Amino acid sequence: MTDTPGPTGDSATEPSAPNGDGMRGGYGSPGTPDPRTDSLGVQLTLGFLGVALAAVALLTVLTVAFAAADVSHLVTQQRTDLTNGIAAAAGVGWSRQDNSWNGTDLSPALDLASRAGAEAEIVDASGSLVASSPDFAAEAGKPQFSANVIVQGQRVGRAIARFSGSGLGTTDRALRTALVRAVAAAAGLAALLALLAGLAVSRRITRPVEQIISVVRARGSGERSARVGAVRAPRELREMATALDEMAELLDGHERVRRDLVADVAHELRTPVAILQAGHEALLDGVAEPTPEQLSSLRDEVLRLARMVDDLQMLAAADAAALQLARRPCDLAEVAATAADSLAGRFEMAGISMERHLAPADTLADPRWMHHLVTNLLTNALKFSAPGGKVVIDTGTVGSDAVLHVTDTGVGIPVAELPRIFDRFWRGRQAAHTSGSGIGLAIAAEIARGHGGSLSAESELDAGTR
């Protein structure tokens, strides 16, 4: 038996708080989700759709903003270059007219502005008008750019250009409109693709979830054979399905143990009760005389029933040992020595020797329960050892574990029966002719588990058990 110290604790569940209005929620009540939109599939689909639309909206804003800035910069640069070109053309005309504005032909400069969708005006160095496009004054308030007319490093005038809504002036607005239309179309396509992807993904997730829910409901309604089985789903859902099936198997196992326990208890009680009933009926009917032997036989059956009730009470207490343990630092060797001393007389009467090899083994345990465990193991070894046999009890440590061994030279246990020796009320072939209820080792195993340890056995027929 390996015993390791471990903390114990109680768990409690708090009652759920009622709604603020003191009433149970129902469909349509405040705080109650609408079942039409509360399903996992609908929420996943809406989530995909929302993410797609948010991404498209963000892309639209960024694209339009950056593109508009770039186009505006390009238009401004081009208008500046055009104004410089008009100034350069005016400077060429000034040079050809003997470095004077008098009689200068500025039509090339004005034509250049007109072809670009602009109106231009040329003024001399003092600001006096030299030449102007016909509609220059009418375009007041429109974007205006100016450039100096430089000839041989000398400023001789200034060119002014006003740009109307035609030509490059409409490029910015047209591009923005085209971008908005393109992004709107992309948004519709993205929403459609997101909707299809959301439906596909949500279906792949919700189908196994619905299958798991149906199995849980089936088991809740009493269908013990309901299992989820293999599902095609993400890893977490596959693990959930596997865990649910494992839990179902465990619950079914516990149910079988419960039914077997009831059947075993009924079987064990049937014989002494039948004997007591028959004996008392014989005495009442006058068939048998109330002799000391007859009364002693009935008393033995009563004692047998009392022992069985005591064993059942002990088993129930062992089941709850983890919640009732009063742990404190103790030496397993001292506990084992006390238990061995209490059974020394029975070993001597049975003609069986007991050897002790008790090395210190400090641990955190409940000495009362550990004493009962050691007593059960020694009593079991005594029961299945023949006169002249030997039982060895030893204690020690293995790493951080405190370890107890009880070894006998008795009849041994068949290999096929070893896995069941700690089951309640189970008795093997070797125990068929010995008294007992078949729960001594089950109690010992429960005590070991309650201390965070374990109880195991190894045996060989006609060679003994450890």
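Below you will find a few notes about this structure. (Residues numbered from 1 in each chain as written. Predicted model: local features only at pLDDT ≥ 70, side-chain atom pairs only at ≥ 80, totals over all residues. Heavy atoms only, no water.)

## A look at the overall build of the protein
Stage number 1. What the protein contains, in helices and strands, is 9 helices and 12 strands.
Stage number 2. Going through the 466 residues of the protein one by one, you find that 35% of them count as buried.
Stage number 3. The contacts of the protein with a sequence gap of at least 6 include a subset with a gap of at least 24, amounting to 67%.
Stage number 4. Element-wise, carbon and sulfur atoms account for 57% of the exposed surface of the protein, whose accessible area totals about 27,500 Å². (Helix = DSSP H or I, 4+ residues; strand = E, 2+ residues; numbered from the N terminus. Buried < 20%, exposed > 50% of the residue type's maximum accessible area, 1.4 Å probe, protein only. Contact = heavy atoms within 4.5 Å. Areas by Shrake-Rupley, 256 points an atom, 1.4 Å probe, with all protein chains shown as cover.)

## Let's talk about the packing of aromatic side chains
Stage number 1. Under the criterion given, the structure shown has 1 aromatic pair.
Stage number 2. Plain terms: the ring middles of Phe145 and Phe163 are 5.7 Å apart, the flat faces sit at 85° to each other, and that makes the pair edge-to-face. Residue Phe145 is found in strand 4 (residues 144-151), and its partner Phe163 is found in strand 5 (residues 154-163); the two are separated by 18 residues along the sequence. Here Phe145 matches Phe163 in class, with each residue buried.
Stage number 3. Taking the ring centre of Phe136 as reference, the NZ or CZ of Arg162 above it sits at 4.1 Å. (Phe/Tyr/Trp six-rings, centres within 6.5 Å; stacked < 30°, edge-to-face > 60°. Lys NZ or Arg CZ within 6 Å of the ring centre and 35° of its normal.)

## Focus on helix 9 (residues 440-450)
Stage number 1. When you tally the buried positions in helix 9, you get 9 out of 11 residues, the bulk of the element.
Stage number 2. Listing the buried residues of helix 9 in full gives Leu441, Ala442, Ile443, Ala444, Ala445, Glu446, Ile447, Ala448 and Gly450.

## Focus on the sheet that holds strand 4
The pairing of strands in a sheet comes from backbone hydrogen bonds and takes either a parallel or an antiparallel form.
Stage number 1. With antiparallel pairing, the 4 strands of this open sheet are ordered in space as 3-2-5-4. The open sheet has two free edges, formed respectively by strand 3 (129-132) and strand 4, since each of these has just one partner strand. In this sheet, adjacent strand axes meet at a mean angle of 20° when their direction is disregarded.
Stage number 2. Here strand 2 (residues 118-124) runs beside strand 3; their pairing, made up of 3 bridges, is antiparallel. (Pairing = 2+ DSSP bridges. Axes fitted to C-alpha atoms, helices over the stretch in contact; angles between N-to-C directions.)

## Considering the nonpolar core
For soluble globular proteins, nonpolar side chains are generally found buried alongside one another.
Stage number 1. Within the largest apolar cluster, 38 residues are counted, with the highest numbers of intra-cluster contacts made by Phe347, Leu373, Val374, Leu377, Leu378, Ile393 and Leu404.
Stage number 2. Within the residue set of this core, elements represented by two or more residues are helix 7 (332-350), helix 8 (367-383), strand 9 (390-398), strand 10 (401-408) and helix 9.
Stage number 3. In terms of residue count, helix 8 provides more of this core than any other element does, 8 residues in total.
Stage number 4. The contact partners of Leu378, leaving out residues within four places of it in the chain, are Ala339, Ala340, Leu343, Phe347, Met354, Val391, Ile393 and Val406. (Core = buried A, V, L, I, M, F, W, Y, C linked by side-chain atoms within 4.5 Å.)

## Topic: helix 8
Stage number 1. End to end, helix 8 covers 24 Å across 17 residues, agreeing with the expected 24 Å (1.5 Å per residue, within 8%).
Stage number 2. For helix 8, the capping residue at the N-terminal end is Asp366, with a side-chain oxygen 3.0 Å from the backbone nitrogen of Arg368. (Expected span 1.5 Å × (residues − 1). Polar contact = N/O pair within 3.5 Å; in protein donor to acceptor, adjacent residues only side chain to side chain.)

## Structural notes on the pattern of salt bridges
Stage number 1. Inspection of the entire model under this criterion finds 9 salt bridges.
Stage number 2. Residue Arg449 pairs with Glu446 through a salt bridge whose shortest N-O separation is 2.9 Å. Of this pair, Arg449 and Glu446 both sit in helix 9, separated by 3 residues, roughly a single helical turn.
Stage number 3. With a relative accessible area of 16%, Glu446 lands in the buried category.
Stage number 4. Here Glu458 and Arg466 are joined by a salt bridge, their closest N and O atoms 3.8 Å apart. (Salt bridge = Lys/Arg side-chain N within 4 Å of Asp/Glu carboxyl O.)

## Side note on unusual backbone geometry
A negative phi holds for most residues other than glycine; trans holds for most peptide bonds.
Stage number 1. Unusually for a residue other than glycine, Gln152 sits at a positive phi of about 50°.
Stage number 2. Relative to the helices and strands, Gln152 resides in the loop between strand 4 and strand 5.
Stage number 3. One non-glycine residue with positive phi stands out, namely Asp462, at about 60°.
Stage number 4. With respect to the helices and strands, the residue Asp462 is situated in the loop between strand 11 (459-460) and strand 12 (464-465).
Stage number 5. On the basis of relative accessibility, which here comes to 70%, the residue Asp462 falls in the exposed class.

## Regarding the environment of Thr63
Stage number 1. Here Thr63 is to be found in helix 1 (residues 40-96).
Stage number 2. Taking the C-alpha atoms as reference points, Thr63 and Val183, separated by 120 residues in sequence, lie 8.9 Å from one another.

## Quick look at the packing of helix 7 against helix 8
Stage number 1. At a closest axis distance of 9 Å, the pairing of helix 7 and helix 8 adopts a crossing angle of 35°. Crossing of helix 7 against helix 8: the hand is right-handed. Listed contacts from helix 8 to Leu332, Val335, Ala336, Thr338, Ala339, Ala340, Ser342, Leu343, Arg346, Phe347 and Ala350 of helix 7 are Pro367, Met370, His371, Val374, Thr375, Leu378, Thr379 and Leu382. (Left-handed = near helix turned anticlockwise from the far one by under 90°.)

## Topic: the pairing of strand 9
Stage number 1. Pairing between strand 7 (residues 353-358) and strand 9: 6 bridges, direction parallel. Bridging across to strand 9, Arg356 finds its partner in Ile393.
Stage number 2. Between strand 9 and strand 10, which pair antiparallel and follow one another directly, the connecting turn spans 2 residues, one of which, Gly399, has a positive phi of 65°.

## Re a positive patch on the surface
Stage number 1. A surface patch of like charges, here positive, comprises Arg204, Arg207, Arg232 and Arg238.
Stage number 2. According to the relative accessible area criterion, Arg204 is partly exposed, its value standing at 48%. (Patch = residues over 30% accessible without salt bridge, like charges linked within 9 Å, V, L, I, M, F, W, Y side chains within 5 Å. Lys, Arg positive; Asp, Glu negative; His and termini not counted. Charge placed at Lys NZ, Arg CZ, Asp CG, Glu CD.)

## Some thoughts on the pairing of strand 10
Stage number 1. Inspection of the sheet shows strand 9 paired to strand 10 by 8 bridges, in the antiparallel sense. In the strand pairing of strand 10, Val392 is matched with Thr407.

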